[in-house]
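Chain by chain, the residues:
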Amino acid sequence: MRDTGMKICIRMDDITPDMDWAKFLRFKELCNLYQVKPLIGVVPKNEDKSLKRDKPRGDFWEYIRQLQAEGWQVAQHGYTHVYATDEPGLFPINRFSEFAGVEYSEQYEAVRLGQEILREHGIETDIFMAPGHSYDKHTFKALENLGYWRITDGFGKRPYARYGMVFYPIAFRQESALKAKRGYTTLVVHTNTLEEEDFARYERIFRECRGRLISYTELLGVEPVYRGCIGAAAEYLMALAKQRLVALAAAFKRCRRKKG
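Residues numbered from 1 in each chain as written. Predicted model: local features only at pLDDT ≥ 70, side-chain atom pairs only at ≥ 80, totals over all residues. Heavy atoms only, no water.

Chemist: Help me understand the overall build of the protein chain, please; the structure alone is not making it clear to me.
Modeler: Along its length, the protein chain carries eight helices and nine strands. Here the protein chain has a C-alpha radius of gyration of 18 Å; the compact-globule value for 260 residues is 18 Å, and the two agree. With the C-alpha coordinates aligned to their principal axes, the bounding extent of the protein chain is approximately 50 × 45 × 45 Å. Burial statistics for the protein chain: of 260 residues in total, 51% are counted as buried. (Helix = DSSP H or I, 4+ residues; strand = E, 2+ residues; numbered from the N terminus. Rg over C-alpha atoms; globule rule 2.2 N^0.38 Å. Buried < 20%, exposed > 50% of the residue type's maximum accessible area, 1.4 Å probe, protein only.)

Chemist: Explanation requested: the packing of helix α1 (residues 21-33) against helix α2 (residues 60-69) in the structure shown.
Modeler: Two packed helices can be described by the angle between their axes and the distance between those axes. For the pair α1 and α2, the least separation of the axes is 15 Å and the interaxial angle reads 15°. By the angle class used here, α1 and α2 are roughly parallel. Where α1 crosses over α2, the handedness of that crossing is left-handed. Where α1 abuts α2, its residues Trp21, Phe24, Leu25 and Lys28 lie against Phe60, Tyr63 and Leu67. Broken down by class, the residue content of the contact of α1 with α2 amounts to six nonpolar, no polar and one charged. (Axes fitted to C-alpha atoms, helices over the stretch in contact; angles between N-to-C directions. Parallel < 35°, antiparallel > 145°, perpendicular 65-115°, else oblique. Left-handed = near helix turned anticlockwise from the far one by under 90°. Contact = heavy atoms within 4.5 Å. Nonpolar A, V, L, I, M, F, W, Y, C, P; charged D, E, K, R; others polar.)

Chemist: Mind showing me how you'd approach the packing of helix α3 (residues 104-120) against helix α4 (residues 137-145) here?
Modeler: Where α3 meets α4, the axes come as close as 9 Å, and the angle between the chain directions of the two elements is 45°. As judged from the angle between their axes, α3 and α4 are oblique. For the crossing formed where α3 meets α4, the hand is right-handed. Contact residues: α3 offers Tyr104, Gln107, Tyr108 and Val111, while α4 offers His138, Thr139, Lys141, Ala142, Leu143 and Asn145. For the contact of α3 with α4, the per-class residue count stands at five nonpolar, four polar and one charged.

Chemist: What is the right way to read the pattern of salt bridges from this model?
Modeler: Pairing is possible between side chains of opposite charge, provided their charged atoms come close. Scanning the model with the defined rule gives 14 salt bridges in all. Where arginine 112 meets glutamate 109, a salt bridge forms, and the shortest distance between an N and an O atom there is 2.6 Å. Pair noted here: arginine 112 and glutamate 109 are both in helix α3, with a separation of three residues, about one helical turn. Shared partners join several salt bridges into a network, and the residues in it are Arg11, Asp13 and Asp153. (Salt bridge = Lys/Arg side-chain N within 4 Å of Asp/Glu carboxyl O.)

Chemist: Hey, could you run me through helix α6 (residues 196-208) in this one?
Modeler: In an α-helix, one turn spans 3.6 residues; hence positions three or four apart end up facing the same way. Taking 1.5 Å as the rise per residue, α6 with 13 residues should run 18 Å; its terminal C-alpha atoms sit 18 Å apart, in good agreement. Turning to α6, its buried residues number three or more, namely Asp198, Phe199, Tyr202, Ile205 and Phe206. For α6, the buried positions fall inside an angular range of 125° around the axis, keeping them on one side. In this structure, α6 carries Glu196 and Glu197 as exposed residues pointing more than 90 degrees from its buried face. (Expected span 1.5 Å × (residues − 1). Arc of directions from axis to C-beta.)

Chemist: Just checking my understanding: could you explain the side chain of aspartate 48 for this structure?
Modeler: Position of aspartate 48 among the secondary structure elements: in the loop between β2 (39-42) and α2. An unpaired buried charge is present at aspartate 48: no salt bridge exists, and arginine 53, the closest side chain of opposite charge, is 8.2 Å distant. Excluding its chain neighbours within four sequence positions, the residues that come into contact with aspartate 48 are Thr80, His81 and Val82. (Lys, Arg positive; Asp, Glu negative; His and termini not counted.)

Chemist: Looking at this structure, how should I read the nonpolar core?
Modeler: One recurring pattern in soluble globular proteins is that nonpolar side chains are buried together. Phe27 and Phe206 are the most contacted members of the largest nonpolar core, which has 59 residues in total. Excluding residues that lie within four positions of it along the chain, phenylalanine 27 makes contacts with Ile10, Met12, Val189, Thr191, Leu194, Phe199, Tyr202 and Phe206. Grouped together as the second largest cluster of nonpolar side chains are twelve residues, Ala75, Tyr168, Leu219 and Leu220 included. (Core = buried A, V, L, I, M, F, W, Y, C linked by side-chain atoms within 4.5 Å.)

Chemist: Mind showing me how you'd approach the state of the cysteines here?
Modeler: Under the criterion given, the structure shown has zero disulfides. The thiol sulfur of cysteine 9 is not disulfide-bonded, and the nearest other cysteine sulfur, from cysteine 31, lies at 11 Å. (Disulfide = S-S within 2.5 Å.)

Chemist: Would you explain the environment of arginine 57 in this entry?
Modeler: Tracing the backbone shows arginine 57 in the loop between β2 and α2. Distance from arginine 57 to threonine 16, taken between C-alpha atoms, is 8.8 Å for residues 41 residues apart in sequence. The contacts of arginine 57, once residues within four sequence positions are left out, are Pro17, Trp21 and Tyr63.

Chemist: Is there a simple way to think about the environment of glutamine 243 in this case?
Modeler: Within the secondary structure layout, glutamine 243 lies in helix α8 (residues 229-259). When its relative accessible area of 13% is taken as the criterion, glutamine 243 is described as buried. Once the C-alpha coordinates of glutamine 243 and arginine 95 are considered, the two residues, 148 residues apart in sequence, prove to be 8.3 Å apart. Leaving out residues up to four positions away in the same chain, glutamine 243 has contacts with Pro92, Ile93, Asn94 and Arg95.

Chemist: Looking at this structure, how should I read the side chain of serine 134?
Modeler: Position of serine 134 among the secondary structure elements: in the loop between β4 (127-128) and α4. Exposure remark for serine 134: the relative accessible area of 0% places this residue in the buried category. A polar side-chain atom of serine 134 sits 3.0 Å from the main-chain carbonyl oxygen of proline 88. Beyond its immediate sequence surroundings of up to four residues, serine 134 is in contact with Glu87, Pro88, Gly89, Phe96, Ser97, Phe99 and Ala100. (Polar contact = N/O pair within 3.5 Å; in protein donor to acceptor, adjacent residues only side chain to side chain.)

Just geometry here; none of it tells us what the structure is for.
Shown next as C-alpha cells:
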C-alpha cells in the first residue's frame, strides 16, 4: 500500500563530464535500488572550476543518452555554470546568477548555445535548470523563444504555471517536506559535495519514504495550477527567508570551527 504523504522526486544538479563520478555512481545505485528515476541537470559547457572534480569521462554523452533511455529526465543546467552577476533574480535563494541581471540578448545566446551542444549529442529536452536557482523575466523570454517551457524551481505543493512557464517546485526544507501529508516536491541533490553522513541520510529517506518516492516523469504528468501575484510574492519572501537562514547557518558553522 502506497504511503499517503507528499510525493517525492529527486533532481541531481551539476552533471558534467568531469564531476565526482564515484559519488554520482554511488547515489545512482541508491536510486536504482529504490527504482527512482531522477531529473539530472546537465551543464552543456562546464567552465566552473568548482565542478571539475574528476578526469572527464570520454563516453559522457553516450551515458547521458543511456540514462534518458532508462527513463531519467534531463534538464539543461545553464550554459557554462559560471556566475556573471550578484543578482538574486525572481527566486532569491542565492545572490549570484549566470542569468539574472544579464541582458536578454546575452541570455538568449547562452541558452541557445547550450541547447545546440545538447542537440549535437542527441539530447532533447524542454526543461531548464538555472544555476544558483536564479533567473529573471529575460530568462523566461529566452527560454520560450527556444522551445523551453518547464523550469525545475519554485516553492509549492504541486506544479504551477506563471510567466508562460510551468514550474516544478523544490523543497523549502527537506525535513518539512518529508512530514507533509499531501502534494509533490523535489529534493535537490549535489552529488559532488555529498559526505558519508549525507549518503546515510539519503539512504534513510529512501527507505522510510519508499512508498512516496516517484520518478520525475510522473511529476511532469501532474496538471499545473495557475499562480497569481499573491502566490508569487509569497514565494519570493520564502526564498529570501531561505537565503538568510542559509547564510546564518553558514556563519554559525564558521564560528564553531574557529572556537574548535
